[in-house]
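Each chain, written out:
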Amino acid sequence: MTVTETTHEVTFTVNGVPRTVTVPARRLLADALRHDLGLTGTHLGCEHGVCGSCTVLVDGQPMRSCLLFAVSVDGAEITTVEGCRAPDGGLGPVQQAFVDCHGLQCGFCTPGFVTTITAYLRENQQPTEEEAREAIGGNLCRCTGYQNIVKSVLRAAEIQREQGAV
Amino acid sequence: MVTRAFGVPMTRREDPRLVSGNGRYLDDLGEGALAVAFVRSPHAHARILDVDVTAALDVEGLVAIYTYEDLAEDPNPRVSEPLPLLIPHPALHAPRVNTPLADGVARHVGEAVVMVVATDRYVAEDACERILVEYEVLPPVVGIPAAIEAAHRVHDDVPDNVSAHLVQEVGDAPAAIAAAPHTLSLDLDIERSASMPMEGKGIYARWDADDRSLRVYTSTQASTSVRFALAAKLDLPVDRIDVIAPDVGGGFGVKIVHPWPEEVLIPWAAVKLNREVKWVEDRREHFISSTHERGQLQKVTVGFDDEGHVLGLDVEFWHDNGAYTPYGIIVPIVTSTQLLGPYKPGAYRVEFRSMYTNTVTVTPYRGAGRPQGVFAMERTMDAIADELGLDRALVRERNFIQPEDMPYDHHLTFQDGRPLIYDSGDYPTSLEKIKALVGWDEFEAIRDTARAEGRRVGIGLACYVEGTGPGPYEGAFVRVETTGKVVVATGLTTQGQGHETVFAQIAAEELGVPVDDVSVTTGDTRRFKYAVGTFASRAAVMSGNAVALTARKVRAKALRIAAEALEVDPKDLEIIDGNVQVKGVPEGGIPLRTVAVLSNPLRYAFDEEAKRATQFAGTSDMSKPPIDEDDEPGLEATDYYSPIRSTFASGMHAAVVETDPETAEIKILRYCVVHDCGTLINPRIVEGQIHGGVAQGVGGALYERIVYDENGQPLNASYMDFLIPYASEVPTVETDHLETPSPLNPLGVKGAGEAGVIPSAALFASAISDAEGFFVTRMPISPSELWALREQHRALEGTK
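Computed from a predicted structure; not experimentally measured.

Q: Give a description of the overall build of chain B that names residues and reports values.
A: Per the secondary structure count, chain B includes 19 helices and 29 strands. Taking 800 residues into account, the globule formula puts the C-alpha radius of gyration at 28 Å, and chain B, at 28 Å, falls close to it. A principal-axis box enclosing the C-alpha atoms of chain B has dimensions of 100 × 70 × 50 Å. Counting all 800 residues of chain B, 57% fall into the buried class. In chain B, once contacts between residues fewer than 6 apart in sequence are set aside, the share between residues at least 24 apart is 80%.

Below is the structure:
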């Protein structure tokens, strides 16, 4: 007996653009983004929700795309690291802050930090250093020791404030 | 004005790409390629009796299933042979390396048994689930004591489970110890850990049947060597193979091993199927089928005088090498030599045995044997201080090699097969700096005050010397394009160290061009074919100097060509911001892009600029041929750097910890680093390397361990259970630098990549011992272990 799979049509908005994918029910959101839509900025580090590399924003909330089925986010608005750019296409404030503060080395975990921090700074525009450390407390990085990622959070908040002031 | 590039803490040019999701890691390539999954042994030691694939054949999307028998039937016998023993050594008398798929016996949980190729990974895993492998379970050897006991064997023909036995001696250590006024012995234990880069391994192979050429992308630390290994394994001419390390999501040592079973199997299947094939390791696979490190048992005996001078040191240790020895015995060799740190040991004897166990193979992880060696030496220093009632820093100071002793010959053989001779270093100044930074001399009062408040705080200190930048060589290619842009290529790979930036800084400085005009490619054999790899903190030393030497050749050529054009002496010329000019006279020079045009005499002009170099342009000296003897067209060069021996970086770490009197929770209050890696190319990047190393060190000392049960089943093969520190566990690192240039290389640099992780186990053992008042001998240490130790010591006190 041949084993075949039923597929489903799922529509959601990714980085402001409505997209439709046809996927089996078990297809992870991370795989749908990466392999069906070619948005390879979202990375898989552990596939069990611990490392946070695959974090994307689902209706504004940071979620682990390795723990979500694509079919479960039908109708949602999704933001990936590719969508964290500035409106003019340049680096967004969090992305720029990571460059400024040497907040990354290999860069594999960075997309998950960028999305997480982007969401966090909407809630808290002026974090203290302690709050910044807490904000990134659910993401693993094996390269940086986090010190410069904490700095990046503070710097991103600063950039946002500067831009808001313009 | 001259714009400096070397030594500037500039931001990294790779970052804009990586922060915006435009990196190209292995799994971002090859959309549509066939996917591979493996059936791996669920047993630590088992004979494979039968593989039944019948049920898998019905899975839609299945393309192929391969077992060892399929490899053995291949007309090319090399593909089924054991993978290479990468670093043979005379003391490694019983090397054993696995075949790409298990040949009849699996020797650790996770060893690949069956390979499945399908249209996507989901389908490949479906098929794997339906393959039935019948095993006869054999008794496993788990842990060093069981390996030594040798009631069972990992390899039938290695009855004592010993793969290697090595003794190195300087002087007569046992006699020196016997004659010493004081002696003591320590039994020490360091558990298993692992590199755990955020991106696992991955391989993507494209076979061009028309061209009979193979392109392989692999998440590796050694793409040039993978290329040679594949040529040998697949019986293809090496010039038909290119290997590319794309963006690599961390390595930390594990990705220096090659070729992995999968690195042979994926290209082999791509050729066989004439399809693109890709395999991306998942996290569980990485835990059970890549490699681990660290596990050692050590016995130290030391003889010393009343002032704490070491007179004789005798170290015996047992190293757990896991099931196979593809990387030879580099890790225990490094332990046995780097153990000596900044000290003169008097007479020294070291003996190790490398032991087979039915666990994942052990190969270097950042630090590569040094953390274990430093643990042995630094615990010994603390024990001597305790025994004599002396300050721990003072005992260290009294044993230091002095700056005037440099170069210092230990009369031992280092991991590169060359003499262990320290090139430079200033350990007394480092000690002064770390004591000042952490407030060493004021700590006693702090400890006493805390104790009076019912708190337990302790301070620790650990010193290390790290052999960095071992040979044999690295090379570089540098070319000035006719646009004035400079391209640099090295065969050496990158896994996050910022090589695109630092090599550009070096080339820009040497050539006198703006750093933004330089682009760097690493780890791509299409661009540079000869290299060794990125390991042992060697990239800045080896490739950095190769880039500098090559850029100097290009500069000399540019000056020569410009001098001819300007009719001046090349000695009178300089290059400032890409303009070749008479020194101090910016007017009237010629830009490098024009020099690049002139360097390539042309018959055919391909653009406006190129017309200057054509045969009727009047730019050629009619008394000479267009290309002189010994000259080549193009403003470019290739050169190599090959050092006489390794350079030796050093550092000292100090930490203050607080242990909870009730819960035994261990909290880091301060973490200080003094670091000397010679001349700094980019201080920002060096600092980042230290931060990251410290974080891994904290993990290795307090949280991370690979746990096997007595059956050889890994118990924590996930990020949920293997506790990599989050931001909440890693302290803010306070750093101070010392720059003692290496006399061995033109740039004066030493390596920096591994430093941060090296002293951690020793450091935290020292600080926790200081807080608790008893001597810690086993790392890593968890709160529950600390609690148990307290109970033991309380019981001991009670019986006194």
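Picking up where we left off.
Q: Can you tell me about the overall build of chain A, naming the residues and giving the values?
A: Helix and strand counts for chain A come out as 5 helices and 5 strands. Mapped from its N terminus to its C terminus, chain A presents α and β elements in the order β-β-α-β-β-β-α-α-α-α. The C-alpha radius of gyration of chain A comes to 17 Å, within 12% of the 15 Å expected for a compact globule of 166 residues. Overall, the C-alpha framework of chain A stretches about 60 × 35 × 25 Å when taken along its three principal axes. Within chain A, the fraction of its 166 residues that count as buried is 60%. Of the contacts made within chain A by residues no fewer than 6 positions apart, 59% connect residues no fewer than 24 positions apart.

Q: Tell me about the nonpolar core, and name the residues and values.
A: All names here are of chain B. With 300 residues, the main nonpolar core has Val-116, Val-488, Ala-507 and Ala-558 as its most contacted residues. If you tally residues by element for this core, the top one is helix H15 (residues 539-566), at 14 residues. Those residues within four positions of Val-116 in sequence are excluded, and the remaining contacts are Val-36, Ala-37, Ile-65, Ala-124, Ala-127 and Cys-128.

Q: Outline the domain arrangement of chain A, listing residues and values.
A: Residues and elements named next belong to chain A. One can read the domain layout of chain A as domain 1 (7-83) and domain 2 (86-165). Placing a centre on the C-alpha atoms of domain 1 and another on those of domain 2 gives a separation of 21 Å. Those elements giving two or more residues to the side of domain 1 that touches domain 2 turn out to be strand S3 (55-58) and strand S4 (61-64). Per element, the largest residue contribution to the side of domain 1 that touches domain 2 is 3 residues, and it comes from S3. Looking at the side of domain 1 that touches domain 2, its residues break down into 7 nonpolar, 11 polar and no charged.

Q: Account for the confidence of the model for chain B, with residues named and values stated.
A: The pLDDT averaged across chain B works out to 95; a share of 100% of its residues lies at or above 70. Per the prediction output, this complex has pTM 0.96; the corresponding ipTM is 0.97.

Q: Any chance you could break down the environment of A:Cys46 for me, citing the residues and the numbers?
A: The topology assignment puts A:Cys46 in the loop between helix H1 (29-36) and S3. Judged by C-beta crowding, with 24 C-beta atoms within 10 Å, A:Cys46 ranks as buried. The spatial distance from the C-alpha of A:Cys46 to the C-alpha of A:Cys66 is 8.4 Å, given a sequence separation of 20 residues. Setting aside anything within four residues of it in sequence, one finds A:Cys46 in contact with A:Cys51, B:Arg283 and B:Tyr719.

Q: I'd love a proper account of the domain arrangement of chain B, names of residues and values included.
A: Residue and element names in this part refer to chain B. Partitioning chain B into domains gives domain 1 (32-138 + 201-280), domain 2 (296-400 + 412-470 + 644-799) and domain 3 (471-641). Distance between the C-alpha centres of domain 2 and domain 3: 43 Å. Contacts between the two partners involve 21 residues from domain 2 and, on the opposite side, 18 residues from domain 3. Elements supplying a minimum of two residues to the side of domain 2 that touches domain 3: strand S18 (456-468) and strand S26 (647-659). Here the residues of the side of domain 2 that touches domain 3 sort into 10 nonpolar, 7 polar and 4 charged.

Q: Which residues make up the interface of chain A and chain B, and what values go with them?
A: For an interface, size is often stated in terms of accessible area lost upon the parts coming together. Listed per partner, the contact involves 48 residues of chain A and 45 residues of chain B. At the level of secondary structure, the elements contributing two or more residues to the side of chain A that touches chain B comprise helix H2 (93-100), helix H3 (110-123) and helix H5 (147-165) of chain A. For the side of chain A that touches chain B, the leading source of residues is H2(A), giving 4 residues. When grouped by side-chain class, the residues that make up the side of chain A that touches chain B number 20 nonpolar, 21 polar and 7 charged.

Q: Please give an account of the packing of helix H10 (residues 370-388) of chain B against helix H11 (residues 392-399) of chain B that cites residues and values.
A: All names here are of chain B. For the pair H10 and H11, the least separation of the axes is 8 Å and the interaxial angle reads 115°. Of the two elements, H10 crosses H11, and the hand of that crossing is right-handed. Judged by residue contacts, Met-381, Asp-382, Ile-384 and Ala-385 of H10 engage Arg-392, Val-395 and Arg-396 from H11.

Q: Quick one: what's the story with helix H19 (residues 783-799) of chain B, residue by residue and with numbers?
A: Since the α-helix packs 3.6 residues into each turn, any two residues three or four apart lie on the same face. Its 17 residues give H19(B) an end-to-end C-alpha distance of 24 Å, which sits within 8% of 24 Å, the value for a rise of 1.5 Å per residue. Taken across its 17 residues, H19(B) has 1 buried, putting it largely on the surface.

Q: Any details on the sheet that holds strand S14 (residues 310-322) of chain B? Residues and values, ideally.
A: Two modes of strand pairing occur in sheets, parallel and antiparallel, and in both the strands are linked by backbone hydrogen bonds. Residue and element names in this part refer to chain B. Sheet architecture is open: 6 strands sit in the order S7-S15-S14-S13-S8-S29, paired in mixed fashion. Bordering the open sheet on either side are strand S7 (162-170) and strand S29 (778-779), each of which pairs with just one other strand. The pairing of S14 with strand S15 (residues 347-356) spans 10 bridges and is classified as parallel. What sits directly across from Glu-316, in S15, is Glu-351. Lying over the sheet, helix H9 (residues 330-338) contacts S7, strand S13 (296-304), S14 and S15, oriented at roughly 160° with respect to S15.

Q: Tell me about the pairing of strand S2 (residues 46-52) of chain B, and please be specific about residues and values.
A: Residues and elements named next belong to chain B. Direction of pairing for S2 relative to strand S4 (residues 105-106): antiparallel, over a ladder of 2 bridges. Following the sheet pairing, Ala-46 is matched in S4 by Ala-106. By the bridge criterion, 6 bridges tie S2 to strand S6 (residues 132-137) in an arrangement that is antiparallel. Across the sheet, Ile-48 pairs through a bridge with Tyr-135, a residue of S6.

Q: I'd like a rundown of unusual backbone geometry, residues and numbers included.
A: Here B:Met406 and B:Pro407 are connected by a cis peptide whose omega angle stands at -5°. Looking at where B:Pro407 falls in the secondary structure, it is placed in the loop between H11 and strand S16 (408-413). Residues other than glycine seldom take positive phi values, yet A:Asn15 does so here, at roughly 50°. Along the chain, A:Asn15 falls in the loop between strand S1 (7-14) and strand S2 (17-24). A residue is classified by how many C-beta atoms lie within 10 Å of it, and A:Asn15, with 19 of them, is partly exposed. Although it is not a glycine, B:Arg212 sits at a positive phi angle of roughly 45°. Structurally, the position occupied by B:Arg212 is in the loop between strand S9 (202-208) and strand S10 (213-218). The class for B:Arg212 is exposed, based on 11 C-beta atoms found within 10 Å.

Q: Residue-level account of the sheet that holds strand S23 (residues 579-582) of chain B, with values.
A: All names here are of chain B. What the 3 strands build is an open sheet, ordered S22-S23-S24; its pairing is antiparallel. Looking along the sheet, the strands with just one partner apiece sit at the ends: strand S22 (573-576) and strand S24 (585-591). Pairwise comparison of adjacent strand axes, ignoring direction, gives a mean angle of 40° for this sheet. Here S23 runs beside S24; their pairing, made up of 3 bridges, is antiparallel. By the bridge assignment, Val-582 is partnered in S24 with Val-585. Against the sheet, H15 contacts S22, S23 and S24, and its axis sits at roughly 115° relative to S22.

Q: How would you summarise the packing of helix H17 (residues 683-703) of chain B against helix H18 (residues 760-772) of chain B if you had to cite specific residues and measurements?
A: Residues and elements named next belong to chain B. Orientation of H17 relative to H18, taken along the N-to-C sense of each, is 55°, at an axis distance of 8 Å. Relative to H18, H17 is oriented oblique. Between H17 and H18 lies a crossing of right-handed hand. In this structure, H17 contributes Gly-697, Val-698, Gly-700, Ala-701 and Leu-702 to the contact, and H18 contributes Ser-760, Ala-761 and Phe-764. Here the contact of H17 with H18 is composed, by residue class, of 5 nonpolar, 3 polar and no charged.

Cut-off values and rules
- Residues numbered from 1 in each chain as written.
- Chains lettered and ligands numbered in written order.
- Predicted model: local features only at pLDDT ≥ 70, side-chain atom pairs only at ≥ 80, totals over all residues.
- Helix = DSSP H or I, 4+ residues; strand = E, 2+ residues; numbered from the N terminus.
- Rg over C-alpha atoms; globule rule 2.2 N^0.38 Å.
- Buried ≥ 20, exposed ≤ 12 C-beta atoms within 10 Å, placed from the backbone.
- Contact = placed C-beta atoms within 7 Å.
- Core = buried A, V, L, I, M, F, W, Y, C linked by C-beta atoms within 7 Å.
- Domains from an automatic or database assignment.
- Nonpolar A, V, L, I, M, F, W, Y, C, P; charged D, E, K, R; others polar.
- pLDDT = per-residue confidence, 0-100.
- Axes fitted to C-alpha atoms, helices over the stretch in contact; angles between N-to-C directions.
- Left-handed = near helix turned anticlockwise from the far one by under 90°.
- Expected span 1.5 Å × (residues − 1).
- Pairing = 2+ DSSP bridges.
- Parallel < 35°, antiparallel > 145°, perpendicular 65-115°, else oblique.

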